[in-house]
Amino acid sequence: MTFEKFSQGESLLHRTDTRVKLVSAISLTLVIALCQSFYTSLAGLTVGLLLLTFSRLNLRFVFWRLMLVNSFIAFLWITLPLTYPGDALCVVGPVTLSKQGVALAALISIKANAIILFFITLLATSTVVDLGHGLESLRLPKKLCLILLFSYRYIFVVHQEYHRLLRAAKLRCFKPRTNLHTYRTYAYLFGMTLVKSWNRAERVGQAMMLRGFHGRFYSLEEKTVTKVDVIFLIIMISAAIGFAYIELMK
Amino acid sequence: MHISEGVLSTPILIGGGVLTVLGLSIGLKKIDYDRVMEVSILASTFFVASLIHVPLGPGSVHLILNGLLGMVLGWASFPAIFIALLLQAFFFQYGGLVVLGVNTFNMAAPAVLCFYLFGPLVSPLVKDPQRRALAGFAGGFFSVFFSGILMSSALALSDSGFFSIAQMVVAAHLPVMIIEGFITMFTVSFLAKIKPEILQS
Amino acid sequence: MPPLGSLVALHNVTFCYPGRKHPILDKVDFTLHEKQRVGLIGPNGCGKTSLFHIIMGLLRPQTGTVFFKDTQLNRKKDFKILHEKVGLLFQDADDQLFSPTVLEDVAFGPLNLGASPAEARERACQTLQELGLSKLEQRITHQLSGGEKKMVSLATVMVMQPDALLLDEPSNNLDMGTRARLIEILNELDLAILIISHDWSLLADTCEDIYAIDKGKVTQSDKAYLHDHRHAHPYGEQPHRHRNRIKLTSDQKKEER
Amino acid sequence: MPPLGSLVALHNVTFCYPGRKHPILDKVDFTLHEKQRVGLIGPNGCGKTSLFHIIMGLLRPQTGTVFFKDTQLNRKKDFKILHEKVGLLFQDADDQLFSPTVLEDVAFGPLNLGASPAEARERACQTLQELGLSKLEQRITHQLSGGEKKMVSLATVMVMQPDALLLDEPSNNLDMGTRARLIEILNELDLAILIISHDWSLLADTCEDIYAIDKGKVTQSDKAYLHDHRHAHPYGEQPHRHRNRIKLTSDQKKEER
């Protein structure tokens, strides 16, 4: 299972401190998510594309990821022009396409894609482990960060456990269909996975206790921010302020 | 089941964010450090559920199981779902950061509701397996139903022009509700036989 | 092409795990005939389990072909006919059993093959009876002992009435009693059997032919030579049998002295 | 009372799982001395793992007592001193490695014992180096191979500088290379070791004394008798060692002939 497709690389964005990237991503996303004007969102998309060239990621993977995420947007393109109240853009037989509907779908598409690009270039270029530690030093509640890191650790174990059971079912000629037998089987497969996870949680708890755990987690991290990181942060925050300026001037 | 970034209006985003922060703080307060690992591993298990695709006619839908999650984890559903959505955003760029509050609330609030409404009915103390099965079905069905309602309300309240889309969202969730009902029902019966303490929370 | 009339055959199969330099199976030819009983011995990590997974279509080899009853299996779909007739017993019974009760687990296969619930139940009961497991019928699978789980997972495979049985380290973690019972049952079965194990005496007790697998190659056992081993048996005092069906060549016999 | 001067001792321990008729451990006495190396062999479900859990205080026996350095451990709190000095290697490394990265996992123990982050880091690095695992330091735990996970979980225990090491089926699912490396490391360690395994040759290669455990009783290996075994070795042609540290009594030697 390759979940963190974009986390490996040597680019400037891969090297930048995760906390810096987190703050940048949050501020850029915030402004673009809230903006209402085409100018702002296009500026956001431009910055997103610019970051993409800096990230030196495999563009084919990025393209497919964008296509996948855009499926909800496609749904909006099908529905909004037909259902959104407003002036008629054109009339095809009994169907009226709304001008405001098309405009809104276009605006949402630009905003959403700009934000996905921020996400891919600023966050997906770090591992989840780094992101978890980064969020912790940005004062996200410690328990929440621990749940993030431990869940991340065990997703792969649990996923494998589920897959071994599914494999056994398939070898016994299980063919998923739309019927109760299928749903019952999936329920049992998941139920058994849940039971195994429950038992594992108990064993891991014991392992922690045996290694002296007494209800406190200590952190090992001590990352330093470089000059390049600071410059990067300043540029990104300026971009976000710039977007806000464009939005307010309109 | 989540709304993309860039769709919702500012008041809705803020409202969802505030509610989720409230839910998270209650949830985290109920998890002491000794239970962090347990909640984490169960959160990963429910994340894996969202990767399970079950057939529905010619297509397939992935499991949500927020009803079952609520019955097992109670208020800890808030952090568990928040983390699952955050990981989905990190892994696949689904959802987003600003809309994370709304999306978490849409799924976690029905889970907590399910915990209070149906949790006692599926607990190992209930001796009648049929009543437990029924409660399991209801929990699975209604939690997805509530999530659909919350999601479409978020859309409709953001922009009245989204009203038709909001209706479609609820309609599209109808078959999912039925599947989730059955899967939750069978899983609850399974757990009651094999590991009743999971349903004890 | 493998010899005609075989039940399962591998032809020129090479398999290499991604990122590894050396293939774990290197141009392997292997044939299992109807009712043939073959043991496969080799160290851990030598590719025994990979071989099973290739036969079942769970892994796709980089080169080579799997044949079932002289039909070439190319796509994932093709392996479905093999799954109906070849049963795989996993090393870890916990990977195989997922239904709440034993009866439901055994009846799962027949249900998938289109049996009605009543039929499936009857076939499951019968299989359990044949294996002497009737009293486990209503038990919760998850709460069985390791040995009981192993026997139940054998039942889940046998209920499909397979032509061949692949067993992956069947005696691992079994107590002596269950192990003896398993050997007895395997020797009563009238079908092709392929066992991978490092439990030499299990193979000797159940198989006609023994192959060794190492460094990507499968070789007939006449290369594997028999020799004395200092070996302690914690149950040495209790009666136990060491049957050995392998015919030794005179050379090997000499070396055994 | 167990003999004075022992490191870990069990005295008259009986343990029965709730709902079971027969106790899995029945009035067991067991002693592990400083630097003693003991192997414990027995089938699955015979109580090997329960014995470990009783020593570590994870299970409380119905009768009997656990001693650590002649101190009786009665309450949960008493076992904390034992946890600092006795390390348990779990059968499944995924149960033991819960931190996202290798370095964090190895440093977890020292941090809990009060080391500063810098100290903990240094001790972790040093332990990894001693075990030849330095290049794994920054790796993400779930991306390690099975063998790497096992070695790292050994590191998480060794970093605590224990007086004794309990290993639960350490060679399970290991490839030959890692298994050999593990045996090598275990033989270099200068501390008490207690291994449970059904991998006889691992025990023979690493332990001085071998006990058998069955039907609730632990018996010294002089009862387990050594005897000849017809045994085929697919690698018989290649050089291989069979070290056997067990001292045979003359009776057994006779039987071995």
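Computed from a predicted structure; not experimentally measured.

A. Quick look at the overall build of chain A. Helix and strand counts for chain A stand at ten helices and two strands. In sequence order, the secondary structure elements of chain A are arranged as α-α-α-α-α-β-β-α-α-α-α-α. Viewed in the frame of its principal axes, chain A has a C-alpha envelope of about 65 × 60 × 30 Å. Looking at chain A residue by residue over its 250 residues, the buried ones come to 57%. Long-range contacts, defined as pairs at least 24 residues apart, comprise 75% of the intrachain contacts of chain A with a sequence gap of at least 6. Counting every atom, chain A has about 10,900 Å² of accessible surface; 66% of that belongs to carbon and sulfur. A gap of 10 Å separates the mean positions of the 28 positive and 12 negative side-chain charges of chain A.

B. Representation of the pattern of salt bridges in the model. Under the definition given, this model contains 27 salt bridges over all chains. Across the salt bridge formed by D94 of chain D and R153 of chain A, the nearest N and O atoms sit 2.8 Å from each other. Pair noted here: D94 of chain D is in helix 3 (residues 93-96) and R153 of chain A is in helix 8 (residues 142-171), and the two residues belong to different chains. A relative accessible area of 11% places D94 of chain D in the buried class. On the basis of relative accessibility, which here comes to 1%, the residue R153 of chain A falls in the buried class. In this structure, the salt-bridge partner of R139 of chain D is E148 of chain D, at a minimum N-O distance of 3.7 Å. R139 of chain D gets classed as partly exposed once you look at its relative accessible area, which sits at 31%. You can call E148 of chain D partly exposed: its relative accessible area is 24%.

C. Quick look at a nonpolar patch on the surface. All names here are of chain B. Taken together, the side chains of I14, V18, L19 and L22 make up a nonpolar region of the molecular surface, amounting to roughly 360 Å² of accessible area. Within the secondary structure, L19 is located in helix 1 (residues 10-30). For L19, a relative accessible area of 38% translates into the label partly exposed.

D. How the structure looks around the interface of chain B and chain A. Counting residues at the interface gives 66 residues for chain B, matched by 74 residues for chain A. One can count zero salt bridges joining chain B with chain A. For the pair chain B and chain A, the interface holds twelve residue pairs in polar contact (both at pLDDT 80 or more). Elements with a minimum of two residues in the side of chain B that touches chain A: helix 1, helix 2 (36-49), strand 1 (53-56), helix 4 (77-92) and helix 8 (163-194) of chain B. Considering each element in turn, the side of chain B that touches chain A owes the most residues, 14 residues, to helix 2 of chain B. The class makeup of the residues in the side of chain B that touches chain A is 46 nonpolar, 13 polar and seven charged.

E. Quick peek at the confidence of the model for chain B. Within chain B, residue pLDDT values average 93, and 99% of them lie at 70 or more. As a predicted assembly, this complex carries a pTM of 0.89 together with an ipTM value of 0.88.

F. Region of the structure containing the sheet that holds strand 2 (residues 25-32) of chain D. Residues and elements named next belong to chain D. A sheet is described by the order of its strands in space; here four strands give the open sequence 2-1-4-5, paired in antiparallel fashion. Looking at strand neighbours, the two that pair on one side only are strand 2 and strand 5 (71-73), the edges of this open sheet. Taking each pair of neighbouring strands and ignoring which way they run, the sheet shows an average axis angle of 25°. Helix 1 (residues 48-55) rests against strand 1 (8-15), strand 2 and strand 4 (63-68) of the sheet, and its axis sits at about 120° to strand 1.

G. Expanded view of the environment of N187 of chain D. With respect to the helices and strands, N187 of chain D occurs in helix 7 (residues 176-188). Between the C-alpha atom of N187 of chain D and that of P117 of chain D, which follows or precedes it by 70 residues, the distance is 31 Å.

H. Representation of the interface of chain A and chain D in the model. Contact with chain A, which involves 29 residues of that partner, is made by 33 residues of chain D. Overall, the association of chain A and chain D removes approximately 2,800 Å² of surface from exposure, summing both partners, and the carbon and sulfur fraction of that is 63%. Applying the counting criterion to the chain A and chain D interface returns five salt bridges. Residue D92 of chain D is joined to R200 of chain A by a salt bridge in which the shortest nitrogen-to-oxygen separation is 3.2 Å. At the boundary of chain A with chain D, the tally comes to 13 residue pairs in polar contact (both at pLDDT 80 or more). Put simply, the parts of the chain that give the side of chain A that touches chain D at least two residues each are helix 7 (128-137), helix 8 and helix 9 (180-210) of chain A. With eight residues, helix 9 of chain A is the single largest residue contributor to the side of chain A that touches chain D.

I. Structural view of the pairing of strand 3 (residues 37-41) of chain C. Residues and elements named next belong to chain C. Burial analysis of strand 3 places five of its five residues in the buried class, which makes it a mostly covered element. The alternating pattern of strand 3 places R37, G39 and I41 and V38 and L40 on opposite faces, both of which are buried. Relative to strand 8 (residues 192-197), strand 3 runs parallel, the two being bridged by five bridges. For I41, the partnering residue across the bridge sits in strand 8 and is S197. The sheet contact formed by strand 3 and strand 9 (residues 209-214) spans four bridges and is parallel. Of the residues in strand 9, the one forming a bridge with V38 is D209.

J. Structural detail: the packing of aromatic side chains. Applying the stated criterion to the full structure yields 32 aromatic pairs over all chains. The interplanar angle of 35° and the centroid separation of 5.4 Å between the aromatic rings of Y188 of chain A and F190 of chain B together place this pair among those described as tilted. One end of the pair, Y188 of chain A, is in helix 9; the other, F190 of chain B, is in helix 8, on a second chain. The exposure class of F190 of chain B is buried, given its relative accessible area of 1%. An aromatic cluster is built from F118, F137, F141, F142, F145, F146 and F182 of chain B, whose rings are joined through pairwise contacts. Over the face of the ring belonging to F61 of chain A we find K5 of chain A, whose NZ or CZ atom lies 4.6 Å from the ring centre. The aromatic ring of Y154 of chain A is capped on one face by R153 of chain A, whose charged end is 4.7 Å from the ring centroid.

K. Geometry of helix 3 (residues 66-73) of chain B. Residues and elements named next belong to chain B. Burial analysis of helix 3 places eight of its eight residues in the buried class, which makes it a mostly covered element. What helix 3 keeps buried is the set N66, G67, L68, L69, G70, M71, V72 and L73. Directly beyond the C-terminal end of helix 3, a positive phi value near 60° is found at G74.

L. Layout of the pairing of strand 6 (residues 86-89) of chain D. All names here are of chain D. Taking every second residue as pointing to the same face, both faces of strand 6 are buried, with V86 and L88 on one and G87 and L89 on the other. Bridge count between strand 6 and strand 7 (residues 164-168): four bridges; the pairing is parallel. Paired with G87 across the strands is L165, a residue of strand 7.

M. Focus on helix 4 (residues 102-112) of chain D. Buried residues dominate helix 4 of chain D, accounting for eleven of its eleven residues. Within helix 4 of chain D the residues assigned to the buried category are V102, L103, E104, D105, V106, A107, F108, G109, P110, L111 and N112 of chain D. Looking at the buried residues of helix 4 of chain D, the elements they touch are helix 7 and helix 9 of chain A together with helix 3, helix 5 (117-130) and helix 6 (146-158) of chain D.

N. Region of the structure containing the sheet that holds strand 1 (residues 8-15) of chain C. Residue and element names in this part refer to chain C. Ordered by their spatial adjacency, four strands build an open sheet running 2-1-4-5, and the pairing between neighbours is antiparallel. The sheet is open, and its two borders are formed by strand 2 (25-32) and strand 5 (71-73), each paired with just one other strand. Direction aside, neighbouring strands of the sheet carry axes that sit 25° apart on average. As judged from the five bridges shared by strand 1 and strand 2, these two strands associate in the antiparallel manner. Bridge assignment links F15 to a residue of strand 2, and that residue is L25. Contacts from helix 1 (residues 48-55) reach strand 1, strand 2 and strand 4 (63-68), with the element oriented near 120° to strand 1.

O. Structural view of the side chain of T65 of chain D. With respect to the element layout, T65 of chain D can be found in strand 4. Those residues in contact with T65 of chain D that lie beyond four places of it in its chain are A9, L10, H11, V13, Q72, L73 and N74 of chain D.

P. Structural view of the nonpolar core. Counting residues in each nonpolar core, the largest one holds 166 residues, and the members touching the most others are L8 and F91 of chain B. Counting residues per element, this core draws most heavily on helix 8 of chain A, which supplies 16 residues. In this view, F91 of chain B contacts F3, E4, R65, V128, Y152, I155 and F156 of chain A together with F47 of chain B; residues no more than four positions away in its chain are not counted.

Thresholds applied
Residues numbered from 1 in each chain as written. Chains lettered and ligands numbered in written order. Predicted model: local features only at pLDDT ≥ 70, side-chain atom pairs only at ≥ 80, totals over all residues. Heavy atoms only, no water. Helix = DSSP H or I, 4+ residues; strand = E, 2+ residues; numbered from the N terminus. Buried < 20%, exposed > 50% of the residue type's maximum accessible area, 1.4 Å probe, protein only. Contact = heavy atoms within 4.5 Å. Areas by Shrake-Rupley, 256 points an atom, 1.4 Å probe, with all protein chains shown as cover. Lys, Arg positive; Asp, Glu negative; His and termini not counted. Charge placed at Lys NZ, Arg CZ, Asp CG, Glu CD. Salt bridge = Lys/Arg side-chain N within 4 Å of Asp/Glu carboxyl O. Patch = residues over 30% accessible without salt bridge, like charges linked within 9 Å, V, L, I, M, F, W, Y side chains within 5 Å. Polar contact = N/O pair within 3.5 Å; in protein donor to acceptor, adjacent residues only side chain to side chain. Nonpolar A, V, L, I, M, F, W, Y, C, P; charged D, E, K, R; others polar. pLDDT = per-residue confidence, 0-100. Pairing = 2+ DSSP bridges. Axes fitted to C-alpha atoms, helices over the stretch in contact; angles between N-to-C directions. Buried area = accessible area lost by both parts, 1.4 Å probe. Phe/Tyr/Trp six-rings, centres within 6.5 Å; stacked < 30°, edge-to-face > 60°. Lys NZ or Arg CZ within 6 Å of the ring centre and 35° of its normal. Core = buried A, V, L, I, M, F, W, Y, C linked by side-chain atoms within 4.5 Å.

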